[in-house]
Amino acid sequence: GKRKRLNTSVLYDSDDESEDSDIVVRKVFAKRHCIMDEDESSEEQQPDKTCPTGSVSTNRKQKVFAKLKELAKQRATRRSCSSENCEDSNGESDTEEEPLCHFPVTPTEVSETDSDSMKDFIVEEDDDDDEDEDDTEHIKSKNQSQQKKLNISNSELLAYYIPNLSRCDHYVHFKRIVKAFLINAIDDTFLSSLYDGTRKKKYAKDMLLSLHYLDDRFIQPRLENLISRSRWKDRYKERVDCYPDVRIVLKNPENISCQACEMNRYCKFHVLLSGKLYNSRTLEADDFMPDDKQVLKVGMVCANRTRVYHNLKHFKYKLYVDCSSVTELDGVEDEPVKDTVERLFSQLEDNGWIQKRYNDLEDYMNDADSFQEEK
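The structure displayed is predicted, hence computed values, not measured ones.

Procedures and definitions
Residues numbered from 1 in each chain as written. Predicted model: local features only at pLDDT ≥ 70, side-chain atom pairs only at ≥ 80, totals over all residues. Heavy atoms only, no water. Helix = DSSP H or I, 4+ residues; strand = E, 2+ residues; numbered from the N terminus. Buried < 20%, exposed > 50% of the residue type's maximum accessible area, 1.4 Å probe, protein only. Areas by Shrake-Rupley, 256 points an atom, 1.4 Å probe, with all protein chains shown as cover. 1 Å grid on protein atoms, 1.4 Å probe; cavity = no way out; pocket = protein on both sides within 12 Å on 5 of 7 lines; lining within 4 Å. Points joined across faces, edges and corners; volume = space filled by probe spheres on them. Nonpolar A, V, L, I, M, F, W, Y, C, P; charged D, E, K, R; others polar. Expected span 1.5 Å × (residues − 1). Arc of directions from axis to C-beta. Contact = heavy atoms within 4.5 Å. Phe/Tyr/Trp six-rings, centres within 6.5 Å; stacked < 30°, edge-to-face > 60°. Lys NZ or Arg CZ within 6 Å of the ring centre and 35° of its normal. Pairing = 2+ DSSP bridges. Core = buried A, V, L, I, M, F, W, Y, C linked by side-chain atoms within 4.5 Å. Salt bridge = Lys/Arg side-chain N within 4 Å of Asp/Glu carboxyl O. Axes fitted to C-alpha atoms, helices over the stretch in contact; angles between N-to-C directions. pLDDT = per-residue confidence, 0-100. Parallel < 35°, antiparallel > 145°, perpendicular 65-115°, else oblique. Left-handed = near helix turned anticlockwise from the far one by under 90°.

**Comments concerning the overall build of the chain**
Logical step 1: Check the secondary structure of the chain and you find 13 helices and three strands.
Logical step 2: Split into buried and exposed, the 375 residues of the chain put 28% on the buried side.
Logical step 3: A total of about 25600 Å² of accessible surface is found on the chain, and carbon and sulfur atoms cover 50% of it.

Shown next as structure tokens:
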């Protein structure tokens, strides 16, 4: 009772900042004594809690190891018995399998908080690894199957909408076009029947596909690129589109406005446009104003662009005109159209005429691809 009052009076005096030396000693002693009591009590209680737990966990681990060894012996016995086909040993192995069944379901022997036990570690890690491997294999197989389906669907769509495109190179397309032009040179309704869908046979569809391929893949993208990178006015472009023949002549330079881009340039080239207007599909020429000509003064850059653009723009028509000339020069009469076309086509292929025209097309495309943007 006195000790308690002494402690309370010391704490109160420390708040009043008393100068009495005895009281100061009591103050320090009292506080240390209180702290030491708490530390000592906590230190005295901790061994009581931890020591038995450590010994218990060690005993439990030893029991687990002992059961694991026993389980290994049982499995070894079962394997030897199964290899010898002994009925008695099979009976013993059946009776010895009981600990295997009861071992995982004995939570009283291993504490739930004892996560360091060997049994829990082995079981949980194996299960997690198996699940992760199963999930990974499942995801991989699922992705592979989806990729296969996607590839199949893409190939089917490609074959349906643009048949034979993936199995046909550029030169094969070009040879089909030459053969179609040879047929149209003899029968001038052939190309129009291709485009309006009258002809349904496979060879006709292949020729139509190749004609679209020439326009949409070879020529038109490069023409659009040449125009988009230039300063040409629409009026000049329309003139170049309408006339299939062109001559570019060098003249004395004049410091005037270029008639292509309308920029002030030293114009030393004259562009001479002529020829009949024609249908871009059937390639039938229009006889309206057949002798009409245009002369335009342009600068050097616009003159070079005109040459590259015109070569590509009117290549198909020029190729058809050449095929028509071949059929006109052929003197054979009273022959079926199919036989005539096959004979002429073989001659053109053998003498390298088709290959030369295809090389010209490639040169024109390369010129368009390498043409620099106008500054």
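Having seen the structure, we can now continue with the description.
**Overview of the layout of surface pockets**
Empty space left among the atoms is revealed by rolling a probe the size of a water molecule over them.
Logical step 1: Roughly 380 Å³ of internal volume is contained in the largest pocket.
Logical step 2: Only α6 (170-186), α8 (202-228) and α12 (337-350) provide two or more residues apiece to the lining of the largest pocket.
Logical step 3: For the lining of the largest pocket, a count of residues per class yields eight nonpolar, no polar and eight charged.
Logical step 4: Here the second largest pocket defines a volume of roughly 330 Å³.
Logical step 5: What lines the second largest pocket is a set of 17 residues, and nearest its centre among them are D215, Q220, S280, K313 and K316.
Logical step 6: Those elements giving two or more residues to the lining of the second largest pocket turn out to be α8, α10 (300-313) and α11 (315-329).
Logical step 7: Considering only residue class, the lining of the second largest pocket consists of eight nonpolar, three polar and six charged.

**Some words on helix α13 (residues 353-370)**
Logical step 1: Here α13 spans 26 Å end to end across 18 residues, near enough to the 26 Å set by a 1.5 Å rise per residue.
Logical step 2: Residues of α13 that are buried: W353, I354, R357, Y358, L361, M365 and A368. Down the axis of α13, the smallest arc covering the buried residues is 140°, so these residues share one side.
Logical step 3: Elements that come into contact with the buried residues of α13 comprise α6, α8, α10, α11 and α12.

**Quick word on the packing of aromatic side chains**
Ring pairs (aromatic) are described by centroid distance and by the angle formed between their planes.
Logical step 1: One pass over the full model with this rule turns up nine aromatic pairs.
Logical step 2: Taken together, a centroid distance of 5.6 Å and an interplanar angle of 70° make the contact between W232 and Y309 edge-to-face. With W232 in the loop between α8 and α9 (234-242) and Y309 in helix α10, this residue pair connects regions lying 77 residues apart in the sequence. Of the two residues examined, W232 and Y309, each falls in the buried class.
Logical step 3: Looking at K179, its charged tip hangs above the ring of F345, at a distance of 4.6 Å from the centre.

**Details of α11**
Each turn of an α-helix holds 3.6 residues, which means side chains three or four residues apart point in the same direction.
Logical step 1: Over its 15 residues, α11 extends 21 Å from the first C-alpha to the last, a length consistent with the 21 Å expected when each residue adds 1.5 Å.
Logical step 2: Regarding α11, the residues found buried are F315, K316, Y317, L319, Y320, C323, S324, V326 and T327.
Logical step 3: Those residues of α11 hidden inside the fold are in contact with α6, α7 (190-195), α8, α10, α12 and α13.

**Here's the deal with the pairing of strand β2 (residues 264-274)**
Logical step 1: Looking at chain direction, strand β1 (residues 245-257) and β2 are connected through ten bridges and run antiparallel. Each bridged residue has a counterpart across the sheet, and for I256 the counterpart in β2 is R265.

**A word on the nonpolar core**
Logical step 1: Counting 57 residues, the largest nonpolar core has V178, F181 and V298 as its most contacted members.
Logical step 2: With residues near it in sequence (within four places) discarded, F181 still touches L191, L211, L283, K316, L319, Y320 and C323.

**Observations regarding the pattern of salt bridges**
Logical step 1: In this structure the tally under the stated criterion is 14 salt bridges.
Logical step 2: We note a salt bridge from D187 to R199, for which the minimum N-O separation is 3.7 Å. One end of the pair, D187, is in the loop between α6 and α7; the other, R199, is in the loop between α7 and α8, and twelve residues separate them in sequence.
Logical step 3: A cluster of three or more residues bridged by salt bridges with shared partners is formed by D330, E335 and R343.

**Here's the deal with the sheet that holds β2**
Logical step 1: Read across the sheet, three strands follow the order β1-β2-β3 without closing on themselves; strand pairing throughout is antiparallel. At either end of the open sheet lies a strand with only one pairing partner, and these are β1 and β3 (293-298). Averaged over neighbouring strand pairs, the angle between their axes works out to 20° when direction is ignored.
Logical step 2: Along the sheet face, α9 touches β2 and β3 and points at about 135° away from the line of β3.
Logical step 3: With respect to the sheet, α10 is in contact with β1, β2 and β3, its orientation differing from that of β1 by roughly 165°.

**Concerning the confidence of the model for the chain**
Logical step 1: With 59% of its residues at a pLDDT of 70 or more, the chain shows a mean pLDDT of 75.
Logical step 2: In this model, residues 1-52 is a region of pLDDT below 50 whose contacts with residues beyond four sequence positions or in other chains number 16 contacts.
Logical step 3: Every residue in residues 84-129 scores below 50 in pLDDT, and together they form 30 contacts with partners more than four places removed in sequence or on other chains.

**Focus on the packing of α8 against α10**
Logical step 1: Look at α8 against α10: their axes get within 10 Å of each other, and the N-to-C directions meet at 160°. As judged from the angle between their axes, α8 and α10 are roughly antiparallel. Considering how the two elements wind past one another, α8 and α10 form a crossing that is left-handed. Contacts between α8 and α10 involve I219, R222, L223, L226 and I227 on the former and, on the latter, R305, V308, Y309, L312 and K313.
Logical step 2: The residue inventory of the contact of α8 with α10, partitioned by class, reads seven nonpolar, no polar and three charged.

**Side note on unusual backbone geometry**
Logical step 1: Non-glycine residue L283 carries a positive phi angle of around 60°.
Logical step 2: With a phi close to 50°, M289 is a non-glycine residue in the positive phi region.
Logical step 3: With respect to the helices, strands and loops of the structure, M289 is situated in the loop between β2 and β3.

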